[in-house]
Amino acid sequence: MQMLTKNKLISAGLIALPWFAFWVVLLDMLRPEYDYRYKAVSELGAIGAPYMLTMNIFGFTGTGLLLLAFSLGYSSLLKHQAAGKRLLLITALLFIGTAIPISMDTSTDPDPDLNAWNTIVHTVCSLVGYLVWLVALIFIAIRKNGNIKRISLITLALVIVLFTLGSIYFSDKPGLMQRLNFLILLSWYFKMALTLLTKTR
């Protein structure tokens, strides 16, 4: 894979954060009854939600494809991190899997079926994808040095701080807590892409 192609793939990591934030904020604003502090991001693409297709196609699938592109570029650029590379690819694929709409939009269905297959698949993709990403960070922090190691360690520290402080200050605001998690996750991709692109110049 030529360096120019690798750089284009890595650049997807720069786009993922503003791209996902744009769709989440836009669809938040288009639904006056939707309170981001208490509502999950998944509800924007839930079955029956007014902008279900928009969120699932552009928000979840679009962002997942950007993460997948970054992961492919990362895999071709760094040759000796098999575990970390595979875990990032799995994370991206599971992120795409969250485009399967969940059944939890109480504005259209006051009693959604939380045991429906689509809800289970969406939830598993979301939770497992996040855990796989954390494990990938640990592998990358162990195997790499310099800025890449530093970025991964700082990100892991931020996750620990968020869960610690979040359980105290945001325990009654799960939607806000989830958005801060997304911010940390996608910021890692942004900073990693910036670092890798700088190194390859």
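Each remark here, short or long, concerns the structure printed above.
Throughout what follows, the structure given in this document is the object of discussion.

Focus on the overall build of the protein
Logical step 1: Counting its secondary structure elements, the protein contains six helices and zero strands.
Logical step 2: Written out in order from the N terminus, the α and β elements of the protein read α-α-α-α-α-α.
Logical step 3: Computed over the C-alpha atoms, the radius of gyration of the protein is 17 Å, within 12% of the 17 Å expected from 2.2 N^0.38 for a compact globule of 201 residues.
Logical step 4: Reported as C-alpha extents along the three principal axes, the dimensions of the protein are approximately 50 × 35 × 30 Å.
Logical step 5: The proportion of buried residues among the 201 residues of the protein is 49%.
Logical step 6: Considering only contacts in the protein between residues 6 or more positions apart, those separated by 24 or more positions represent 70%.
Logical step 7: Accessible surface, the protein as shown: approximately 10,200 Å² in total, 71% of it carbon and sulfur.
Logical step 8: Looking at charge distribution, the protein has the averaged site of its 17 positive side-chain charges lying 29 Å from that of its 9 negative ones.

Remarks on the nonpolar core
Logical step 1: Within the largest apolar cluster, 49 residues are counted, with the highest numbers of intra-cluster contacts made by F20, F70, L88, W133 and W188.
Logical step 2: If you list the elements that add at least two residues to this core, you get helix 1 (3-29), helix 2 (52-77), helix 3 (82-97), helix 4 (117-143), helix 5 (146-169) and helix 6 (174-199).
Logical step 3: Of the residues forming this core, the biggest block, eleven residues, is contributed by helix 6.
Logical step 4: If sequence neighbours within four positions are ignored, L88 has contacts with F70, S71, Y74, W133, A136, I140, W188 and Y189.

Focus: the environment of S187
Logical step 1: Mapped onto the elements of the fold, S187 is located in helix 6.
Logical step 2: Residue S187 is classed as partly exposed on the basis of its relative accessible area, which comes to 27%.
Logical step 3: Along the backbone, S187 and I138 are 49 residues apart, and their C-alpha atoms lie at a distance of 16 Å.

Thoughts on the packing of helix 4 against helix 6
Logical step 1: Where helix 4 meets helix 6, the closest approach of the two axes is 12 Å, and the angle between their N-to-C directions is 40°. When the interaxial angle is binned, helix 4 and helix 6 end up oblique. Judged by the sense of rotation from one axis to the other, the crossing of helix 4 with helix 6 is left-handed. On helix 6, the residues that touch Y130, W133, L137 and I140 of helix 4 are N181, I184, L185, W188 and Y189.
Logical step 2: In terms of residue class, the contact of helix 4 with helix 6 is made up of eight nonpolar, one polar and no charged.

Side note on the side chain of T195
Logical step 1: Examined against the element boundaries, T195 turns out to sit in helix 6.
Logical step 2: Since its relative accessible area comes to 9%, T195 is described here as buried.
Logical step 3: Aside from chain neighbours lying at most four places away, what touches T195 is N147, I148 and I151.

As for helix 5
Logical step 1: Compared with an ideal rise of 1.5 Å per residue, which puts 24 residues at 34 Å, helix 5 spans 34 Å between its outermost C-alpha atoms and is within 8% of the ideal.
Logical step 2: Among the residues making up helix 5, those that are buried are I148, I151, S152, T155, L156, V159, L162 and G166.
Logical step 3: Contact partners of the buried residues in helix 5: helix 4 and helix 6.

Some remarks on the packing of helix 4 against helix 5
Logical step 1: Between helix 4 and helix 5, the shortest axis-to-axis distance is 8 Å and the interhelical angle comes to 140°. Put simply, helix 4 runs oblique to helix 5. Every pair of crossing elements has a handedness; the one defined by helix 4 and helix 5 is left-handed. Residues Y130, W133, L134, L137, I138, I140, A141 and I142 of helix 4 form the contact with helix 5, whose own contacting residues are I148, K149, S152, L153, T155, L156, V159 and F163.
Logical step 2: Its residues assigned to classes, the contact of helix 4 with helix 5 shows 13 nonpolar, two polar and one charged.

Details of the side chain of R179
Logical step 1: With respect to the helices, strands and loops of the structure, R179 is situated in helix 6.
Logical step 2: A polar side-chain atom of R179 sits 3.1 Å from the main-chain carbonyl oxygen of G175.
Logical step 3: With near-sequence residues (within four places) excluded, R179 lies in contact with V24, D28, Y34, Y36, K39, A40 and V41.

Conventions and cut-offs
- Residues numbered from 1 in each chain as written.
- Predicted model: local features only at pLDDT ≥ 70, side-chain atom pairs only at ≥ 80, totals over all residues.
- Heavy atoms only, no water.
- Helix = DSSP H or I, 4+ residues; strand = E, 2+ residues; numbered from the N terminus.
- Rg over C-alpha atoms; globule rule 2.2 N^0.38 Å.
- Buried < 20%, exposed > 50% of the residue type's maximum accessible area, 1.4 Å probe, protein only.
- Contact = heavy atoms within 4.5 Å.
- Areas by Shrake-Rupley, 256 points an atom, 1.4 Å probe, with all protein chains shown as cover.
- Lys, Arg positive; Asp, Glu negative; His and termini not counted.
- Charge placed at Lys NZ, Arg CZ, Asp CG, Glu CD.
- Core = buried A, V, L, I, M, F, W, Y, C linked by side-chain atoms within 4.5 Å.
- Axes fitted to C-alpha atoms, helices over the stretch in contact; angles between N-to-C directions.
- Parallel < 35°, antiparallel > 145°, perpendicular 65-115°, else oblique.
- Left-handed = near helix turned anticlockwise from the far one by under 90°.
- Nonpolar A, V, L, I, M, F, W, Y, C, P; charged D, E, K, R; others polar.
- Expected span 1.5 Å × (residues − 1).
- Polar contact = N/O pair within 3.5 Å; in protein donor to acceptor, adjacent residues only side chain to side chain.

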